[in-house]
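Architecture at a glance
Each chain, letter by letter, is given below.
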Amino acid sequence: MQADGSDIRTIEGMAAADGTLHALQEGFREMHGLQCGFCTPGMIIRAYRLLQEINSPTEDEIRQGIAGNLCRCTGYQNIVKAIQYAAAKMSGVPFQEAAE
Ligand code: FES
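Report follows, based on the coordinates. (Residues numbered from 1 in each chain as written. Predicted model: local features only at pLDDT ≥ 70, side-chain atom pairs only at ≥ 80, totals over all residues. Heavy atoms only, no water.)

Concerning the packing of helix α2 (residues 39–53) against helix α4 (residues 77–91)
Any two packed helices are characterised by the angle at which their axes cross and by the distance between the axes. Close contact between α2 and α4 brings their axes to 11 Å; oriented N to C, the two are set at 45 degrees. Overall, the two elements α2 and α4 adopt an arrangement that is oblique. For the pair α2 and α4, the sense of crossing is right-handed. Here α2 contributes M43, A47 and L51 to the contact with α4, which in turn contributes I79, I83, A86, A87 and M90. Among the residues making up the contact of α2 with α4, the classes are represented as eight nonpolar, no polar and no charged. (Axes fitted to C-alpha atoms, helices over the stretch in contact; angles between N-to-C directions. Helix = DSSP H or I, 4+ residues; strand = E, 2+ residues; numbered from the N terminus. Parallel < 35°, antiparallel > 145°, perpendicular 65-115°, else oblique. Left-handed = near helix turned anticlockwise from the far one by under 90°. Contact = heavy atoms within 4.5 Å. Nonpolar A, V, L, I, M, F, W, Y, C, P; charged D, E, K, R; others polar.)

Observations concerning the side chain of Q25
Considering the arrangement of structural elements, one finds Q25 in helix α1 (residues 23–30). Judged by relative accessible area, which is 14%, Q25 ranks as buried. Side-chain polar atoms of Q25 contact the backbone nitrogen of A15, separated by 3.5 Å. A distance of 2.9 Å separates the side chain of Q25 from the backbone nitrogen of H22, its partner in a polar contact. If sequence neighbours within four positions are ignored, Q25 has contacts with I11, M14, A15 and I44. (Buried < 20%, exposed > 50% of the residue type's maximum accessible area, 1.4 Å probe, protein only. Polar contact = N/O pair within 3.5 Å; in protein donor to acceptor, adjacent residues only side chain to side chain.)

Written out as structure tokens, the structure reads:
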């Protein structure tokens with residue numbers, strides 16, 4: 001009832017009709033950000049919304065943005081990189097990993 005009349009995006013609706021992955025899906029694959037089938041869709045959908053709000057988020061903004069999606073199986077580093085990858089791709093700039 002709470003979602004009645006709302007548009008709902010799920011992970012299944014992220015790729016293009018021809019099967020081309022969304023930049024976030026590609027980023028999670030390229031940056032090894034994929035975790036399990038429970039948290040990964042939530043991370044990607046949350047990141048999608050985050051990138052609508054902030055098109056070039058800082059690492060802190062990404063970490064704050066996904067803070068409500070908990071996974072105790074990861075250190076989140078590759079998930080952050082995946083979102084940075086997608087942000088860069090969606091902005092049309094090459095992704096460059098920050099030096100560690
Ligand atoms: Fe999905 Fe940790 S890998 S909850």
